[in-house]
Amino acid sequence: MNGRRLNTKTYITGYQLCKYRDGERCAICGGHIGNPMPAKLTRKWKLTTDKIESLELDHIDGIL
């Protein structure tokens, strides 16, 4: 990767591949969308919600 954001086609392809591989689970906490976020992550990242609202494909390391 060159450090730039993924274009739409690459993002969708990457998301679908990660979704197939991981079953739409977070690579960090193992949770699904709508599940409670682990308290240690909520505190560490100072999140405003305690639920997993979406999953994001990281443009640097390509994990979901």
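Throughout this document, residue positions are counted from 1 along each chain, in the order its sequence is written. At least 70 in pLDDT is required for a residue's local features to be given in this predicted model, at least 80 for side-chain atom pairs to be given and counted, and no such filter applies to totals for whole chains, interfaces and linings, which use all residues. For the side-chain quantities, the full set of heavy atoms in the structure was used; hydrogens and water were omitted.

Draft legend 1. Examining the side chain of Thr42 more closely. By the secondary structure assignment, Thr42 is in helix 2 (residues 39-44). Residue exposure (1.4 Å probe, protein chains only): buried if accessible area is under 20% of the type maximum, exposed if over 50%, otherwise partly exposed. Note on Thr42: relative accessible area 17%, which makes it buried. Beyond its immediate sequence surroundings of up to four residues, Thr42 is in contact with Met37, Leu47, Thr49 and Asp50. Only DSSP runs of H or I covering at least 4 residues are called helices, and only runs of E covering at least 2 are called strands; the numbering of each starts at the N terminus. Any two residues whose heavy atoms approach within 4.5 Å are treated as being in contact.

Draft legend 2. How the structure looks around the environment of Pro36. Take Pro36: it is sitting in the loop between helix 1 (8-22) and helix 2. Of the residues examined, Pro36 reaches a relative accessible area of 58% and is grouped as exposed. For the pair Pro36 and Asp50, spaced 14 residues apart in the sequence, the C-alpha separation amounts to 5.7 Å. Excluding residues that lie within four positions of it along the chain, Pro36 makes contacts with Asp50, Lys51 and Ile52.

Draft legend 3. Molecular detail of unusual backbone geometry. A positive phi angle is found at Glu24, which is not glycine, with a value near 55°. Relative to the helices and strands, Glu24 is located in the loop between helix 1 and helix 2. Judged by relative accessible area, which is 26%, Glu24 ranks as partly exposed.

Draft legend 4. Focus on helix 1. Helix span, as expected, comes to 1.5 Å for every residue beyond the first. When the terminal C-alpha atoms of helix 1 are compared, their 21 Å separation across 15 residues agrees well with the 21 Å that a helix rising 1.5 Å per residue should span. Those residues of helix 1 that sit buried are Gly14, Tyr15 and Cys18. The buried residues of helix 1 occupy an angular sector of 100° when projected down its axis, which confines them to one face. Every exposed residue of helix 1 that faces more than 90 degrees away from the buried side is listed here: Lys9, Leu17 and Tyr20. Pairs of N or O atoms within 3.5 Å make up the polar contacts considered here, provided that, within protein, one atom can donate a hydrogen while the other can accept it, and that residues adjacent in sequence are counted only when both atoms are side-chain atoms. Taking the backbone nitrogen of Lys9 as reference, a side-chain oxygen 3.3 Å away marks Asn7 as the first, capping residue of helix 1. Directions pointing from the helix axis toward each C-beta atom define the arc.

Draft legend 5. Examining the pattern of salt bridges more closely. The term salt bridge refers to a side-chain nitrogen of Lys or Arg lying within 4 Å of a carboxyl oxygen of Asp or Glu. Enumeration according to the criterion identifies one salt bridge in this entry. The residue Arg21 makes a salt bridge to Asp22 at a minimum N-O spacing of 2.8 Å. Residue class for Arg21 comes out exposed when judged on its relative accessible area of 51%. Looking at Asp22, the relative accessible area reads 24%, which means it is partly exposed.

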